[in-house]
Amino acid sequence: MAKVALMDYDKALEIYEPVLGFEIHVELNTGTKMFSAAGNPANEAHHGAEPNTLVAPVDMGLPGSLPVVNETAVRYAISLGLALGCQIAPSSRFARKNYFYPDLGKNYQISQYDEPIAFEGEVEIELDGGDIVTIPIERAHMEEDAGKLTHMGGATGRIQGAEYSLVDYNRAGVPLVEIVTKPIFGAEKRAPEIAKAYIATIRDIVRALGISEARMERGNLRCDANVSLRPRGQEKLGTRTETKNVNSMRSVERAVRYEIQRQAAILAAGGTITQETRHWHEDTGTTSPGRPKSDADDYRYFPEPDLLPVVPAPELIEQLRAALPEAPAAHRRRLKTAWGFTDLEFQDVVNGGLLAEVEATVAAGAAPAAARKWWTGELTRVANAAGTEPAALVEPAAVAELQKLVDAGTLTDKLARQVLEGMIAGEGTPQQIVDARGLAVVSDDGALIAAIDEALAAQPDVLEKIRDGKVQAAGAVIGAVMKAMRGQADAARVRELVLERASA
Amino acid sequence: MTDLTRLTAADLADRLAAGEVSSVEATQAHLDRIAAVDGDVRAFLHVSDHALQVAADIDRRRAAGEQLGPVAGVPLAVKDVLVTTDMPSTSGSRILEGYLSPYDATVVARSRAAGLVPLGKTNMDEFAMGSSTEHSAYGPTHNPWDLDRIPGGSGGGSAAAVAAFEAPLALGSDTGGSIRQPAHVTGTVGIKPTYGGVSRFGAIALASSLDQVGPVTRTVLDAGLLHDVIGGHDPHDSTSLAHAWPSFADAAREGARGDVLKGLKVGVIAELPDSGFQAGVSASFRAALSAMEAQGAEIVEISAPHFEYGVAAYYLILPAEASSNLAKFDSVRFGLRVDVPGGTVEDVMAATRDAGFGDEVKRRIILGTYALSAGYYDAYYGSAQKVRTLIQRDFDAAFAQVDVIATPSAPTTAFRLGEKIDDPLQMYLNDVTTIPANLAGVPGISIPSGLAEEDGLPVGIQFLAPAMQDARLYRVGAALEAVLVDSWGGPLLDRAPSLGAGGAR
Amino acid sequence: MSEITPDLVRHLGVLARIQLSDDEVERLTGQLDVIVDNIAKVAEVATPDVPATSHPIALENVFRPDVVGGMLSLGEVLQNAPDAADGRFRVTAILGEEQ
Ligand SMILES: [Mg+2]
Ligand SMILES: [Zn+2]
């Protein structure tokens, strides 16, 4: 592949104004699918199901099968629409989007087209510096997910060069809400940052609503980022590209930045942008062209004749509105006060996209400061090294349990980091790892005293020095004891015991 | 001993209940009849190899004193559009050859639960696209009245099976007349219920907003008995009505004995062109109206100015919905797969659909794809849906004046096999009288009105009623049936030539 | 005359995933032309003031409770599969891109 020219980011922004747009697919965590009573793999109860074991006739398009709408999915979609500040359509309906693909059991996707359930909203996002930006929402509509294709026989497991593919319909029919923004103007230099903050906000909203697990790494939240550039002063929008497959907040940020630089280089060289979908490559931090928009995009939408209009009662809408959780920005202000963090400490959490994790860890019993340290410290370090998100490593409840062991004196900070390593490796709960690895602090004074005796025997003058007021001499003994106990001793307790001995 | 195959389902059910005959005997009699005549008629695509076991089980349960339903033990033929777990379901298409469904259609499940004994699956135009059964991938069914003629379609197999005494009851499906038009050309009874009155779950979809499953029988009472079994709300079909339906068998009995026709206002459509109708069909229709008038019915001319747009709207809506419904036949999960050495999955899909679909199916898929494609939606599908509104308004206006509307069930008697196969447009015009009911969702019934003078072939009269008023059709149909059968001195089918007597297989 | 051309029919065949031979394209072009001419008459009465009817019997809010049921066994899922491997349906290589 030819080397792609990129323009310096700041220079690109001098010449061009970026216009953004996002389509986010949210997988709902209902118990069953959008149009069938099959278990929903995006619900905790059905994680890890074997291929094709969460399938009802309509999910694989069996002859004679019919869809029936999941009432809970509709309520979730209304709640999400309301949380996005949208109007809820007095009447909305489903439509068929017709295209052939092996992961699509019916070879049409049931979606919403001209009458989405929610439209015309806006959502406030908060940038790292605390600035608030308003993102205009065009619509949020209900639809179903497709199945999963695994490409076999190729070198990389990718579609190119694969000999054959395997199809699993477990994911087919998982309820989705697709959130579509209007064009976002005025992002300027902060375009990548806005992209990231917007995804984070949507994630926070759906989590607060409890309608999705919202784990990007699991595909619960999938973002397509649209980017176009127009020369400064030009009214007409430039041609946009739609970058798919950007499945972490960091990637969205990088992808938007990359597309701005790539498009700017093409335009500055007198070229034109092709309207196309592009693929994001996490490894190289680049995008590559997919399929150009073409005849194949004639989806032949028409109203789904097997389903009826959704006409939510005004009382239902008001009931769901009343039950909405607070907006993320307000929520953040409240947490900051409750946790007593400094501005810097709080920004650290927010910028790391770790608010929900810290909150869940605190909810599970950890002190806010300790929860923050784990997530912004060790977990972020490990995640960065592994190229993933901290949230993908461990569950907040497990972090809280780990901290409990530290608070109880069972673990030192250093030991706790070793336990965390075991947790990330999937060795079990913190307690199980402590037991299995034999990592607990030795709290038996008898064992400590024996080790102290041994150390004093090797350094007989230490007690004398302490009695002479040279308390720091205890350090040599403490060091020797810690070494003998392979770190599994509480240094403070050892110190106490040594001082006791000296004053005896 | 009585020939059990000549009994109506109602009579057979009575004898079964009284213990005079067993279900095994009744089932065996029909299997024997199938063996004797179906080589000529070809109503069945598949005959069950375990019908006798099912019948024996019913007999056992009855002997054990179990309370069984009114039609328990009566044999039933099932249109191949309905999926069944124990017999292949092909919808008359090569693309589904040998397909075994992991679940039963709701109407089949309800039939089994009622103790009906499925005999086999009946032939049909491929995916129910046709009016002659000539578009079946497995060869045409022959009309028992004249084996050189069509049995109607798409449900020619079910109608022929019933007309040839191979089964007393059959299930059909009606998207634009596929139950009523075969009834017309075979001298049998067929009902398209109100849209949503019978579940579509497990009926291989042709056009979702038009399809409806219904009974195919020899008498109106038998149809009511079967309708009572299969009808009612089904949570698996979102368009199924949660309506409290009366007993249609009771309605038929009431019609047969009462004076339903007295004071009944029967609408005839002013705009229905006389020209397209065969003389004998028109004559039979007028004679039936006269018979009703003689019983005190009042014939009222009504106007339905938009019915003439029905065929056009139908041939936009049906192909559009069908093009989408039939997309699932793609070689990935079930059905035919054509190997394309070195081909991509797209190549395999396209080759499979080329090989697996017949000409009529391809024609309608391409037509429907065109009607939905960018730039045409409003002009075609959108406009066709507006015609539905106009036709519904015509019905509303008419039913403000009359109790039922009457039409000939189809323009001609059974035409010869092959006569219209190369002229799709002529074939489409067969459905001119039946289509409005599907577009508007109202119920319709076809019962025999007599034989056409010029060819001695059966003619049917169709009655239409407002939505949900299916029971009215049973009352009126049974009343006219009683009058006509009385005037004929016996059922019309008694005059059909006997089959299988001379050297049938 | 309608605008049905062989190229349009060929394009429709691609959209509908039906591999049409040249003979079929030619035959369909002629037949569709006649049919389309006839059915286009719906536009005569479908004026803007007439609402569309998508369902013959108007219903709304038909929902299902969010309760698991009606799932197929793996055996049932695969029982008609033209080809399968590892509990999944097997298809030949896919042209194009990941969606
Ligand atoms: Mg597909
Ligand atoms: Zn979508």
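Bear in mind the structure is a predicted one, so any value in this text is a computation, not a measurement.

## Description of unusual backbone geometry
Phase 1: Residue Gly 153 of chain B is joined to Ser 154 of chain B through a cis peptide bond whose omega torsion reads 5°.
Phase 2: Tracing the sequence through the fold places Ser 154 of chain B in the loop between β3 (117-122) and α5 (156-163).
Phase 3: Positive phi outside glycine occurs at Asn 107 of chain A, with the angle close to 60°.
Phase 4: Structurally, Asn 107 of chain A is set in the loop between β4 (95-98) and β5 (108-111).
Phase 5: Taking relative accessible area as the criterion, Asn 107 of chain A reaches 1% and is therefore assigned buried.
Phase 6: In this structure, Glu 120 of chain A takes a positive phi of about 55° despite not being glycine.

## Brief notes about the layout of surface pockets
Residues and elements named next belong to chain A.
Phase 1: A volume near 810 Å³ is recorded for the second largest pocket.
Phase 2: The wall of the second largest pocket is formed by 35 residues, among which Asp 204, Ile 205, Arg 207, Ala 208 and Ala 356 lie closest to the centre.
Phase 3: Broken down by secondary-structure element, the contributors of at least two residues to the lining of the second largest pocket are α2 (71-83), β6 (118-126), α3 (191-209), α6 (328-339) and α8 (355-363).
Phase 4: Of the domains in this structure, domain 1 (9-145 + 174-318) and domain 2 (326-437) are the two that each give at least three residues to the lining of the second largest pocket.

## Structural notes on the coordination of the magnesium ion (ligand 1)
For a metal with four donors in a tetrahedral arrangement, the ideal angle between donors is 109.5 degrees, while six donors in an octahedron ideally sit at 90 or 180 degrees.
All names here are of chain A.
Phase 1: Within the protein, the magnesium ion (ligand 1) binds to Tyr 101 (O), Leu 104 (O) and Asn 107 (OD1); these donor distances fall in the range 1.5 to 2.7 Å.
Phase 2: Between the donor residues of the magnesium ion (ligand 1), the gaps in sequence give the motif Y-x2-L-x2-N.
Phase 3: Relative accessible area serves as the criterion here: at 6%, Tyr 101 is assigned to the buried category.

## Concerning the pattern of salt bridges
Between side chains of opposite charge, a pair can form as their charged atoms come close.
Phase 1: Overall, the coordinates contain 60 salt bridges over all chains when judged by the stated rule.
Phase 2: The closest approach of N and O atoms between Asp 10 of chain A and Lys 189 of chain A, which form a salt bridge, is 3.8 Å. Placement of the pair is Asp 10 of chain A in helix α1 (residues 9-15) and Lys 189 of chain A in the loop between β10 (175-181) and α3, with a sequence separation of 179 residues.
Phase 3: Using a relative accessible area of 38% as the deciding quantity, one classes Asp 10 of chain A as partly exposed.
Phase 4: Members of the salt-bridge network, linked through shared partners, are Arg 96, Glu 304 and Asp 306 of chain A together with Arg 200 and Asp 237 of chain B.

## Quick look at the interface of chain C and chain A
Phase 1: Contact residues are listed per partner, giving 35 residues for chain C and 60 residues for chain A.
Phase 2: Here chain C packs against chain A, burying approximately 4,100 Å² in sum over the two surfaces, 58% of which is carbon and sulfur.
Phase 3: Scanning the region where chain C abuts chain A turns up 0 salt bridges.
Phase 4: Residue assignment for the side of chain C that touches chain A shows that the elements contributing at least two residues are α1 (6-15), β1 (63-64), α4 (74-78) and β3 (88-92) of chain C.
Phase 5: Among the elements that make up the side of chain C that touches chain A, the one with the highest residue count is β3 of chain C (5 residues).
Phase 6: Across the side of chain C that touches chain A, the residue classes break down as 16 nonpolar, 10 polar and 9 charged.

## Observations concerning the packing of aromatic side chains
Phase 1: This structure, assessed with the given rule, holds 24 aromatic pairs over all chains.
Phase 2: A ring pair is formed by Tyr 314 of chain B and Tyr 315 of chain B, whose centres lie 4.8 Å apart and whose planes are at 85°; its orientation type is edge-to-face. Exposure class is identical for Tyr 314 of chain B and Tyr 315 of chain B. Each is buried.
Phase 3: Joined through ring pairs, the aromatic side chains of Tyr 99, Phe 127, Phe 329, Phe 334 and Phe 357 of chain B make up one cluster.
Phase 4: Over the ring of Tyr 164 of chain A we find Arg 90 of chain C, and its NZ or CZ is 3.6 Å from the ring centre.

## Observations regarding the packing of α6 of chain A against α8 of chain A
All names here are of chain A.
Phase 1: Look at α6 against α8: their axes get within 12 Å of each other, and the N-to-C directions meet at 45°. Viewed along their axes, α6 and α8 adopt a mutual orientation that is oblique. Note that α6 runs across α8; the crossing there is left-handed. Counting all contacts with α6, which are made through His 331, Arg 332, Leu 335 and Trp 339, the residues of α8 involved are Leu 355, Val 358, Glu 359 and Val 362.

## Thoughts on α3 of chain A
Residues and elements named next belong to chain A.
Phase 1: Here α3 is 19 residues long and its end C-alpha atoms lie 27 Å apart, about the 27 Å a rise of 1.5 Å per residue gives.
Phase 2: A large share of α3 lies buried, amounting to 16 of its 19 residues.
Phase 3: Just beyond α3, the residue with positive phi is Gly 210, at close to 75°.

## Observations regarding the UniProt feature "active site" (unreviewed entry) in chain B
Residue and element names in this part refer to chain B.
Phase 1: Taken from the UniProt record, the annotation "active site" (unreviewed entry) applies to Lys 79, Ser 154 and Ser 178. A maximum C-alpha distance of 10.9 Å among these annotated residues, which run over 100 residues, shows that they cluster at one spot.
Phase 2: With respect to the helices, strands and loops of the structure, Lys 79 is situated in strand β2 (residues 75-79).
Phase 3: Once residues within four sequence positions are removed from consideration, Lys 79 is found in contact with Lys 121, Thr 122, Met 124, Ala 128, Ser 154, Gly 155, Ser 158, Leu 171, Gly 172, Ser 173 and Ser 178.
Phase 4: When sequence neighbours within four positions are dropped, the list of residues in contact with Ser 178 reads Lys 79, Ala 128, Gly 130, Gly 153, Ser 154, Gly 155 and Ser 173.

## Focus: empty space enclosed by the protein
All names here are of chain A.
Phase 1: Applying the stated criterion across every chain, the model contains 8 cavities of 30 Å³ or more.
Phase 2: Of the voids in this model, the largest cavity is the one considered here, and its volume is about 190 Å³.
Phase 3: Contributing to the lining of the largest cavity are 19 residues, with Glu 126, Asp 128, Ala 197, Ala 200 and Val 350 lying nearest its centre.
Phase 4: Elements that contribute at least two residues to the lining of the largest cavity include exactly α3, α4 (249-268) and α7 (343-351).
Phase 5: Sorting elements by how many residues they give to the lining of the largest cavity places α3 first, with 7 residues.
Phase 6: Class assignment of the residues belonging to the lining of the largest cavity gives a composition of 8 nonpolar, 3 polar and 8 charged.

## Some details on the nonpolar core
Phase 1: The biggest cluster of nonpolar side chains holds 147 residues, and the ones touching the most others in it are Leu 82 and Phe 127 of chain B.
Phase 2: Looking at which element gives the most residues to this core, the answer is helix α10 (residues 310-325) of chain B, with 10 residues.
Phase 3: Ignoring sequence-local partners within four residues, the contact set of Leu 82 of chain B consists of Ser 89, Ala 105, Val 107, Val 108, Lys 121, Leu 171, Gly 202, Ala 203 and Val 213 of chain B.
Phase 4: Within the second largest apolar cluster, 73 residues are counted, among which are Ala 73, Ala 140, Met 216 and Val 310 of chain A.

The rules behind the values
- Residues numbered from 1 in each chain as written.
- Chains lettered and ligands numbered in written order.
- Predicted model: local features only at pLDDT ≥ 70, side-chain atom pairs only at ≥ 80, totals over all residues.
- Heavy atoms only, no water.
- Helix = DSSP H or I, 4+ residues; strand = E, 2+ residues; numbered from the N terminus.
- Buried < 20%, exposed > 50% of the residue type's maximum accessible area, 1.4 Å probe, protein only.
- 1 Å grid on protein atoms, 1.4 Å probe; cavity = no way out; pocket = protein on both sides within 12 Å on 5 of 7 lines; lining within 4 Å.
- Points joined across faces, edges and corners; volume = space filled by probe spheres on them.
- Domains from an automatic or database assignment.
- Donors = N, O, S within 2.8 Å, 3.2 Å for Na, K, Ca; no water.
- Salt bridge = Lys/Arg side-chain N within 4 Å of Asp/Glu carboxyl O.
- Contact = heavy atoms within 4.5 Å.
- Buried area = accessible area lost by both parts, 1.4 Å probe.
- Nonpolar A, V, L, I, M, F, W, Y, C, P; charged D, E, K, R; others polar.
- Phe/Tyr/Trp six-rings, centres within 6.5 Å; stacked < 30°, edge-to-face > 60°.
- Lys NZ or Arg CZ within 6 Å of the ring centre and 35° of its normal.
- Axes fitted to C-alpha atoms, helices over the stretch in contact; angles between N-to-C directions.
- Parallel < 35°, antiparallel > 145°, perpendicular 65-115°, else oblique.
- Left-handed = near helix turned anticlockwise from the far one by under 90°.
- Expected span 1.5 Å × (residues − 1).
- UniProt positions renumbered as here; feature names shortened; annotations may be inferred.
- Core = buried A, V, L, I, M, F, W, Y, C linked by side-chain atoms within 4.5 Å.

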